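So the chains spell out like this:
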Amino acid sequence: MEEKAFENAPVSFGTNLGLILEYYDMYIEDRQSVSSEMRILFDSILDSKDQVNLGTTGSTNNTALKGILKWLVDIRTYGHLVAKVYPLYPPTISNAPTFNFEDYGFTEEDLKSLDVETISTHLTGMFDNALDAVKYLKDVYSAPLSYEYMHMNNQEERAWFEENIEVHGDISYSNEEKKELFKELAKTEGFEKYLQKNFVGAKRFSIEGVDSLVPMLNHLLKLMANNELPNLQIGMAHRGRLNVLTHVLRKPYTMMLSEFMSTDASKFIPEDGSLKNTSGWMGDVKYHLGGKKKFSDYGIEQTITLANNPSHLEIVGPVVLGKARAQQEDVKSENTPVQDTDKSLAVIVHGDAAFPAQGVNPEAMNFSNLAGYTVGGAIHIITNNRIGFTTEEWDARSTLYASDIAKGFDIPILHVNADEPEHVLKAIELAFNYRQTWKKDIVIDLIGYRRMGHNEMDEPMTTNPMLYNEIKNHPTIEHLYGDKLVSEGVISADEKNETIDSVEKTLRSSHDLIDKNDTIISDRIDLPEFTKAPQLNTTEVDITEDRLKKINDALLTYPDSFKVFKRLEKVLERRRLPFENEDGRVDWGHAEALAFATLLEDGVPIRITGEDAERGTFAHRNAVLHDPETGEQYTPLKNLENAKASFDLHNSPLSELAVVAYEYGYNVENNEVLTIWEAQYGDFANMAQPIFDTFMSASNAKWGEQTGLTLLLPNAQEGQGPEHSSARIERFLQLCAENNMTIANVSSSSNYFYLLRRQAENLNTDKMRPLVLASPKSLLRNNTTSRPLSEFVGGKFHEILFDNKAPEKVKTVLVASGKMAIELEEKLASEPDDSFLLIKLEQIYPFPKRNITEVLETLPNLEEIRFVQEEPKNQGAYYFVLPKFLEMKTDKQTFTFVGRQESSSPAEGYAGVYKIIQQNILEEALKK
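Fair warning: this is a prediction, and the values are worked out from it, not measured in the lab. (Residues numbered from 1 in each chain as written. Predicted model: local features only at pLDDT ≥ 70, side-chain atom pairs only at ≥ 80, totals over all residues. Heavy atoms only, no water.)

*Asks:* Please clarify how the packing of aromatic side chains should be interpreted in this entry.
*Replies:* The relation between two aromatic rings is expressed through the spacing of the ring centres and the mutual angle of the planes. Scanning all chains against the criterion turns up 34 aromatic pairs. On the numbers, 4.2 Å between centres and 10° between planes, the contact of Trp 588 with Tyr 752 is stacked. Of this pair, Trp 588 sits in helix H23 (residues 588-601) while Tyr 752 sits in helix H28 (residues 749-761), and the two are 164 residues apart along the sequence. Comparing Trp 588 with Tyr 752, the two get one shared label, buried. (Phe/Tyr/Trp six-rings, centres within 6.5 Å; stacked < 30°, edge-to-face > 60°. Helix = DSSP H or I, 4+ residues; strand = E, 2+ residues; numbered from the N terminus. Buried < 20%, exposed > 50% of the residue type's maximum accessible area, 1.4 Å probe, protein only.)

The following block contains the structure:
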């Protein structure tokens, strides 16, 4: 039987047969509408039995054809494996293709007989024959800039790369551009050398080895200006940060050198207000600090922001994405925010050891195409030093490249040699153009080295001698590129040396301006006044029953064509009862909806995300309704007639760390928005602990960075086991100082209503701070927690709740929060006893000492204060409140703990055991 060309074609049809047939129909209609690989395949299928005529210049046999096709696929897919992307210390790559024609079963003569368009229609007119075209492609794909894009699912994107690499990929800059590039590199390297010489051993995490990052970012700013993009949000870890601050954000040399000298750097901040320097009353090390710079050098006003970043390496990535999203959105638009992805670009600079190792990176890359989180494409740059602290690549990851995890998210990757700065500029051009065209993420693997040790006191030869033997003998980039320009005749040797020498002279003159005796070293830290005032602003206006009724009616009115799921409609219709009947109650979800609606009418934008946040984990919110017949969605809070701001609600991916980081960044950038994250269960917030520890609680003290982020963390012992019980209030309380957060465990739906409104009122003020709410589960529909409509009119948030009917009879005060308080309240309601007074501690921090003291002072016969909690004694709020109550009580009064015994686990694993212990706690609390 005759062999057909397509029977052994290097394409496995399988489930792709339908796609192949679709391409074939396109080919029949227009041969140029399919890729070159498909053209070769279909040409071979339609040609003669023994010879396949390709174009008009000649013919070749089927075996050669298949070899050529495979070679083209391989060079585009695997050319990066033989590319010149390593400045030094290249890895051994097993089984890399040779790309020798003979290995693929064809010869140069076979290629000479083919038209250029057979290889690539993009190259038609550029070469005389296919041989020259193939040699060109081999050079392109094995250059110091290489590409991984063939793994991508979208054929149109692959075709875009093919054209932009093979046709528009020339690296050609004018002599003036080359001179400017050299000057930037000389400044970048000269800055590091000056610091090394004058501040011996001072940590700076130098950029040396990936110096070309600086001109890359500056080139990006020019590209953005040409496309009228005004905002660049950058996130990066330590390495190279000081150089980026100095040469991208244009922080004056005097400021940076002053920080090394521990003198007052603020004296050198530009007087025009163009540079905002980050600082808090506690301060932070230099290589954590960010900044913001405004300038108009490239024809439009642009703002660069470098985010502050703690030592938790990659955590800043999603923070920067959230900041970019906040800049892109118009939240004052009616009902739904309007996003313009050309208002801000996010660039995240990663370390090569951290990029594949830190789980927050795949979490953040998963945001790329999610409606609630996309920023229209972020540019990821891996500053690839080829080493961690002392850990080399083979111990740091299981993949060839640090960038390989990005391929799982259909993200293209560019690998570029950091010692080839012109190729580096081309890489950022291609990355930016891809982002603008496809609005998707892209990764640049900037492959260099690390000239110093992990820090400037570290000696890398003790642990990594083979790598550092090469580094020691490797010329630095200012000489590599300077000598290249000298050899090209672009500059003279004298010009090269003068440029390098001028950097040190400039730095020396700046250094001389600083008075070394102007020290800021002190044994005293002065706190800002706003940290001393625990009371938040509360100014309630225009909350009337009539207003709430109109809102409620609007929330329960749907388009004529929209049908609500009948079972849910019955539940929602109950929300009319409080407006029709004095016995009606506003439950938790209803109170929240009314609070959100009043805020939207007041002009406060709201963004709420979380796992299942649209419905609510416990089916209490139901903010997004679904037509059971059409699947259409309707969100009443997005359709309020009198709304003056937007409402945005999204189910988040099953992630805590990156999602909370994103929301933190969003709120920092736009703290006029009531930004809320809700955990599925409060325990799940554990996975976002770095955000609470290093950002949310301390950002203001370290960096002067404020946030009003709100966390809703479902919390309570209900017999659901150790991982569905505790919001870990004790951990948040441990982070509390200087009135930096509000920690609450509220037992009343009306108090929740006012708590949300108070949080919103203090946004964008000095008093703004995060709110951590241990939100309810079983209490969501509890009749005691649900409150009458009258409590929602003309009220305010109460830090404590109590009913002091007979103060002279009280002998025992019970203090409790949340569900524990409700259980005690219900127990006392069923078995009244005036010798007990329950104080419901609604706000735990700032601790309402004055409010509680005022109550205690009205109780002349008080003998004992009992603090009652569900959590084990070593958890919950007990150890936080203990010293406060010991200070408040009199010598004649005792302070007692009632709750679970100390435990390493937050809860029992069996519902039956839970019920017994919970009952014992209630009995112990009310024991006479």
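Don't stop here, the text continues.
*Asks:* Sorry, what's going on with a negative patch on the surface here?
*Replies:* A cluster of acidic residues, Asp 494, Glu 495, Glu 498 and Asp 501, forms a negative patch at the surface. Mapped onto the fold, Asp 494 is located in helix H19 (residues 493-512). (Patch = residues over 30% accessible without salt bridge, like charges linked within 9 Å, V, L, I, M, F, W, Y side chains within 5 Å. Areas by Shrake-Rupley, 256 points an atom, 1.4 Å probe, with all protein chains shown as cover. Salt bridge = Lys/Arg side-chain N within 4 Å of Asp/Glu carboxyl O. Lys, Arg positive; Asp, Glu negative; His and termini not counted. Charge placed at Lys NZ, Arg CZ, Asp CG, Glu CD.)

*Asks:* Whenever I open this one, the side chain of Ser 113 confuses me. Can you help?
*Replies:* With respect to the helices and strands, Ser 113 occurs in the loop between helix H4 (108-112) and helix H5 (116-119). In this structure the side chain of Ser 113 is engaged in a polar contact, spanning 2.7 Å, whose partner is the backbone oxygen of Asp 110. (Polar contact = N/O pair within 3.5 Å; in protein donor to acceptor, adjacent residues only side chain to side chain.)

*Asks:* Would you mind showing me how to read the environment of Ile 444 here?
*Replies:* Checked against the element boundaries, Ile 444 lands in strand S13 (residues 442-447). For the pair formed by Ile 444 and Asn 384, sequence separation is 60 residues and the distance between their alpha carbons is 9.8 Å. Leave out the neighbours within four places in its chain, and Ile 444 touches Met 216, Ile 379, His 380, Ile 381, Ile 382, Leu 414, Val 416, Ala 427, Ile 428 and Ala 431. (Contact = heavy atoms within 4.5 Å.)

*Asks:* Before we go on, may I ask you to explain the pattern of salt bridges in this structure?
*Replies:* For side chains of opposite charge, pairing can occur when their charged atoms come near one another. What the rule picks out here adds up to 57 salt bridges. Arg 757 serves as the salt-bridge partner of Asp 602, at 3.0 Å between the closest nitrogen and oxygen. Of the two residues, Asp 602 sits in the loop between H23 and strand S14 (606-610) while Arg 757 sits in helix H28, which places them 155 residues apart along the sequence. Overall, the relative accessible area of 7% leaves Arg 757 in the buried class. With a shortest N-O distance of 3.1 Å, Glu 730 and Arg 728 are connected by a salt bridge. Look at Glu 730 and you get buried, because its relative accessible area is 15%. By relative accessible area, Arg 728 is classed as buried at 15%. Salt bridges sharing common partners tie together Lys 178, Glu 422, Lys 484 and Glu 488.

*Asks:* Help me understand helix H9 (residues 213-226), please; the structure alone is not making it clear to me.
*Replies:* Residue pairs spaced three or four apart in an α-helix point in one direction, given the helix's 3.6 residues per turn. Across its 14 residues, H9 extends 20 Å between first and last C-alpha, which sits within 8% of the 20 Å expected from 1.5 Å per residue. All of the buried residues along H9 are Leu 213, Val 214, Pro 215, Met 216, Leu 217, Asn 218, His 219, Leu 220, Leu 221, Leu 223, Met 224 and Ala 225. (Expected span 1.5 Å × (residues − 1).)

*Asks:* Please explain the nonpolar core as it appears in this structure.
*Replies:* Most often, soluble globular proteins have nonpolar side chains that are buried together. Counting 95 residues, the largest nonpolar core has Phe 161, Leu 213, Ile 379, Ile 381, Leu 414 and Ile 444 as the members making the most contacts within it. Once you skip the residues sitting within four places of it in the chain, Ile 379 turns out to touch Leu 220, Leu 345, Ala 346, Val 347, Ile 348, Ile 428, Ala 431, Phe 432, Ile 442 and Ile 444. (Core = buried A, V, L, I, M, F, W, Y, C linked by side-chain atoms within 4.5 Å.)

*Asks:* Can you walk me through unusual backbone geometry in this structure?
*Replies:* For residues other than glycine, phi is negative in most cases, and the peptide bonds are mostly trans. Cis rather than trans, the peptide bond between Tyr 845 and Pro 846 has omega equal to -10°. At Phe 205, a residue that is not glycine, the phi angle is positive and equals roughly 50°. Here Phe 205 is to be found in the loop between helix H8 (175-198) and H9.

*Asks:* Got a minute to help me understand the packing of helix H12 (residues 316-328) against helix H24 (residues 657-669) in this structure?
*Replies:* Two numbers describe how H12 lies on H24: the axes approach to 6 Å, and their chain directions differ by 45°. Classified by the angle between their axes, H12 and H24 sit oblique to one another. For the crossing formed where H12 meets H24, the hand is right-handed. Residues Pro 318, Val 319, Leu 321, Gly 322, Lys 323, Arg 325, Ala 326 and Gln 327 of H12 lie in contact with H24, whose contacting residues are Ala 658, Ala 661, Tyr 662, Tyr 664, Gly 665, Tyr 666, Val 668 and Glu 669. Of the residues assigned to the contact of H12 with H24, the class counts are ten nonpolar, three polar and three charged. (Axes fitted to C-alpha atoms, helices over the stretch in contact; angles between N-to-C directions. Parallel < 35°, antiparallel > 145°, perpendicular 65-115°, else oblique. Left-handed = near helix turned anticlockwise from the far one by under 90°. Nonpolar A, V, L, I, M, F, W, Y, C, P; charged D, E, K, R; others polar.)

*Asks:* What am I meant to see in empty space enclosed by the protein here?
*Replies:* Summary: where empty space remains is shown by rolling a probe the size of a single water molecule over the atoms. The final tally for this structure, using the stated rule, is eight cavities of 30 Å³ or more. One number sums up the size of the largest cavity: a volume of about 190 Å³. Surrounding the largest cavity, 17 residues form its lining, Leu 555, Arg 575, Ala 593, Arg 621 and Asn 622 being those nearest its centre. Elements with a minimum of two residues in the lining of the largest cavity: helix H20 (545-555) and H23. Ranked by residues supplied to the lining of the largest cavity, first place goes to H23 with five residues. Tallied by class, residues from the lining of the largest cavity come to ten nonpolar, four polar and three charged. Of the volumes computed, that of the second largest cavity is approximately 120 Å³. Elements supplying a minimum of two residues to the lining of the second largest cavity: helix H29 (818-830) and strand S26 (864-872). (1 Å grid on protein atoms, 1.4 Å probe; cavity = no way out; pocket = protein on both sides within 12 Å on 5 of 7 lines; lining within 4 Å. Points joined across faces, edges and corners; volume = space filled by probe spheres on them.)

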